[in-house]
Amino acid sequence: MTGCKMENSYFAPGQFVLETEYPDWENIKHVMIRSFVETTDYEDRTQNTCDINNISLGFYEFTLKKIQENEIPIEKIDAIHSWYIDYKPHGYQKIHNHTNEDSLISTVMYFEESDGSLVTLLGHSNTEVQHIEINPTPGKLVILNGNVNHLTYPSAKPRSVLVINFKAKWKSDDTIN
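Remember, it's a predicted structure, so these values are computed and weren't measured experimentally.

### Examining the overall build of the protein chain
Counting its regular elements, the protein chain contains two helices and 12 strands. Going from the N terminus to the C terminus, the protein chain shows its helices and strands as β-β-α-β-β-α-β-β-β-β-β-β-β-β. Dimensions along the principal axes, computed over C-alpha positions, put the protein chain at roughly 40 × 35 × 35 Å. Of all 177 residues assigned to the protein chain, the portion counted as buried reaches 46%. Excluding contacts between residues fewer than 6 apart, the proportion of contacts in the protein chain whose partners are at least 24 apart in sequence is 78%. Counting only carbon and sulfur atoms, one obtains 48% of the accessible surface of the protein chain, whose full area is about 8900 Å². Seen as two clouds, the 15 positive and the 25 negative side-chain charges of the protein chain have centres 2 Å apart.

### So, the pattern of salt bridges
Should their charged atoms come close, side chains of opposite charge can pair. This model, assessed by the stated rule, comprises eight salt bridges. Note that arginine 45 is salt-bridged to aspartate 44, the shortest N-O span being 2.9 Å. Taken as a pair, arginine 45 and aspartate 44 share a single burial class, namely buried. Between lysine 76 and aspartate 78 there is a salt bridge; the shortest N-O distance is 3.7 Å. Counted as one network, the salt bridges with shared partners bring together Glu7, Lys65, Lys66 and Glu69.

### Considerations on the environment of lysine 88
The residue lysine 88 is located in the loop between strand 5 (74-87) and strand 6 (93-96) in this model. Taking the C-alpha atoms as reference points, lysine 88 and tyrosine 42, 46 residues apart in sequence, are found 9.5 Å from one another. For lysine 88, the contacting residues outside a window of four places in its chain are Tyr42, Glu43, Asp44, Arg45, Thr46 and Pro158.

### Considerations on the pairing of strand 2 (residues 15-21)
Side-chain direction in a regular strand flips from residue to residue, so the side chains alternate between the two faces of the sheet. Within strand 2, seven of the seven residues are buried, which leaves it mostly tucked inside the rest of the structure. Both faces of strand 2 are covered, namely the face carrying Gln15, Val17, Glu19 and Glu21 and the face carrying Phe16, Leu18 and Thr20. The pairing of strand 1 (residues 8-12) with strand 2 spans five bridges and is antiparallel. Paired with phenylalanine 11 across the strands is phenylalanine 16, a residue of strand 2. Linking two consecutive strands that pair antiparallel, namely strand 1 and strand 2, is a turn of two residues; a positive phi of about 75 degrees is found at glycine 14 within it. Pairing analysis gives five bridges linking strand 2 to strand 10 (residues 140-145), with the strands arranged antiparallel. Its bridge partner being in strand 10, glutamate 21 is matched across the sheet by lysine 140.

### Observations regarding the side chain of arginine 45
Assignment of secondary structure puts arginine 45 in strand 4 (residues 45-50). A polar contact is formed between the side chain of arginine 45 and the side chain of aspartate 44, at a distance of 2.9 Å. In this view, arginine 45 contacts Thr40, Ile85, Asp86, Tyr87, Lys88, Tyr92 and Gln93; residues no more than four positions away in its chain are not counted.

### What to know about the nonpolar core
Counting 26 residues, the largest nonpolar core has Tyr22, Phe59, Ile67, Ile74, Ile105, Met109 and Leu162 as the members making the most contacts within it. Mapped by element, the contributors of at least two residues to this core are strand 2, helix 1 (25-33), helix 2 (57-69), strand 5, strand 7 (104-110), strand 10 and strand 12 (159-170). Methionine 109 has contacts with Tyr22, Trp25, Ile28, Phe59, Lys140, Leu141, Ser160, Val161 and Leu162, leaving out every residue within four places of it along the chain. Counting 16 residues, the second-largest nonpolar core is a separate cluster that includes Val17, Leu118, Leu144 and Val148.

### Observations regarding the packing of aromatic side chains
On inspection of all chains with the given rule, the structure shows seven aromatic pairs. Here the aromatic residues Tyr22, Phe59, Tyr60, Phe62 and Phe166 are joined through ring pairs into a cluster of three or more. One Lys or Arg, arginine 45, reaches over the ring of tyrosine 42 and ends 4.3 Å from the middle of that ring. Seen from the ring of tyrosine 87, arginine 159 lies directly overhead, with NZ or CZ sitting 4.4 Å from the centre.

Rules used throughout
Residues numbered from 1 in each chain as written. Predicted model: local features only at pLDDT ≥ 70, side-chain atom pairs only at ≥ 80, totals over all residues. Heavy atoms only, no water. Helix = DSSP H or I, 4+ residues; strand = E, 2+ residues; numbered from the N terminus. Buried < 20%, exposed > 50% of the residue type's maximum accessible area, 1.4 Å probe, protein only. Contact = heavy atoms within 4.5 Å. Areas by Shrake-Rupley, 256 points an atom, 1.4 Å probe, with all protein chains shown as cover. Lys, Arg positive; Asp, Glu negative; His and termini not counted. Charge placed at Lys NZ, Arg CZ, Asp CG, Glu CD. Salt bridge = Lys/Arg side-chain N within 4 Å of Asp/Glu carboxyl O. Pairing = 2+ DSSP bridges. Polar contact = N/O pair within 3.5 Å; in protein donor to acceptor, adjacent residues only side chain to side chain. Core = buried A, V, L, I, M, F, W, Y, C linked by side-chain atoms within 4.5 Å. Phe/Tyr/Trp six-rings, centres within 6.5 Å; stacked < 30°, edge-to-face > 60°. Lys NZ or Arg CZ within 6 Å of the ring centre and 35° of its normal.

Take a look at the structure:
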């Protein structure tokens, strides 16, 4: 890691994407690698389901703090799913979102530099679509809500990511503007 801490936040009505760096990324990587409960092989990646009970309290607190620092009205998060994904060379994810769960918050953590960027698309009320390209670096953490469409470009080399989905408890009926 370069020592340069990158913090970015992007918003559209009802949507957010936060880009930060998780300082203890090496530790969470080692812990989650040892917590695989199921492995599924795909043509371009291996997806390992992780035991969510191994997610540290520190990661919960860090993620919630970043959400609240950006004045997103969430008071609590609970992990519901986690995957450690090993992409093979040229592996990618086609465009998708996670709207199958109400109040879902997703996190994506990177462990290597890669040319396979994460792309998010935020829909604004004036029909504008904001295209955000996030370049993977070790420790980079992206936090987004489940209705954000996203994809990953293929990378020439293998790469690994940790995805953790949280169920969020929103403060009253506040919304993201």
